[in-house]
Amino acid sequence: MSRFVLGVTGASGVVYATRTAMYLQRFGHEVTLIVTHPGKQVLEYEGQSALYGYSKDVCNVDDFFAECASGSADYAGMAVVPCSMGTLGRIAGGTSDNLLVRAADVCLKERRPLVIVPREMPYNLIHIENMKRVALAGAVVIPASPQFYSKPATMEELVDTVVAKILKHLGVDATQVATVAHAWGGV
Ligand SMILES: Cc1cc2nc3c(=O)[nH]c(=O)nc-3n(C[C@H](O)[C@H](O)[C@H](O)COP(=O)(O)O)c2cc1C
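Residues numbered from 1 in each chain as written. Predicted model: local features only at pLDDT ≥ 70, side-chain atom pairs only at ≥ 80, totals over all residues. Heavy atoms only, no water.

**Q** I'd like to hear about the pairing of strand β5 (residues 114-118), residue by residue, with values.
**A** Counted residue by residue, β5 has five buried out of five residues, so it is predominantly covered. A two-sided burial pattern is seen for β5, the buried positions comprising L114, I116 and P118 on one face and V115 and V117 on the other. Sheet analysis places strand β4 (residues 77-83) next to β5, joined by four bridges and oriented parallel. Among the inter-strand pairings, V80 is bridged to a residue of β5, identified as I116. Handedness of the β-α-β unit built from β5, helix α6 (residues 125-136) and strand β6 (residues 140-141) comes out right-handed. (Buried < 20%, exposed > 50% of the residue type's maximum accessible area, 1.4 Å probe, protein only. Helix = DSSP H or I, 4+ residues; strand = E, 2+ residues; numbered from the N terminus. Pairing = 2+ DSSP bridges. Right-handed = clockwise from strand over helix to strand, strands pointing away.)

**Q** Before we move on, can you summarise the sheet that holds strand β2 (residues 30-35) with the specific residues and values?
**A** Pairing is parallel in the open sheet, where six strands are placed in the order β3-β2-β1-β4-β5-β6. Each having just a single partner strand, β3 (57-59) and β6 make up the two edges of the open sheet.

**Q** Quick rundown of the side chain of R19? Include the residues and the values.
**A** Looking at where R19 falls in the secondary structure, it is placed in helix α1 (residues 14-26). The exposure class assigned to R19 is buried, which follows from its relative accessible area of 15%. Looking at R19, its side chain comes within polar contact range of the side chain of D160, at 2.6 Å. If we ignore the near neighbours within four places in the chain, the residues touching R19 are E156, V159, D160 and V163. (Polar contact = N/O pair within 3.5 Å; in protein donor to acceptor, adjacent residues only side chain to side chain. Contact = heavy atoms within 4.5 Å.)

Written out as structure tokens, the structure is:
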């Protein structure tokens, strides 16, 4: 069993977070959830309250006393799903001005997996530069770009083509990830 931080921002696509948390829980891992204030509004708007049920702990985004604010806590990694351009910029700038951004900063400094799933279109140069910056600092940038060549029959199957990549780069066991990717032929 490993513990993972899942950060959810006010970008569209909260279903990616819901299904990431669902699989982590199914595979016996624990999810510590942090949702930004805009993230809460978009989560509700997109009808993704099931996400809370897949999370062991839900941290207040303003609570810097939460365990995941410290490098001493034994988290295996973190995913920011979906990641708004605002939060991407804050992570790239090292601002650590809320718990989500601080937890991401901790992952980078402790050399733990940090998966960032940006969601915006089109990107401006600031977005692209910020992606470059976090990638150089050690994050893995996985755009919310599902693939269609496996002919996914449902939205969930389509979403899972991205979710499998997130789980893989968090370091989840390959045989477990394979069960997510099974329907579409590999990660
Ligand atoms: C319905 C809705 C969808 C949004 N989708 C996106 C998006 O896909 N990407 C993005 O960068 N911002 C998006 N935004 C704007 C962000 O919520 C806004 O920039 C916010 O300040 C992000 O704050 P956070 O990074 O603290 O969550 C959306 C806002 C709303 C209301």
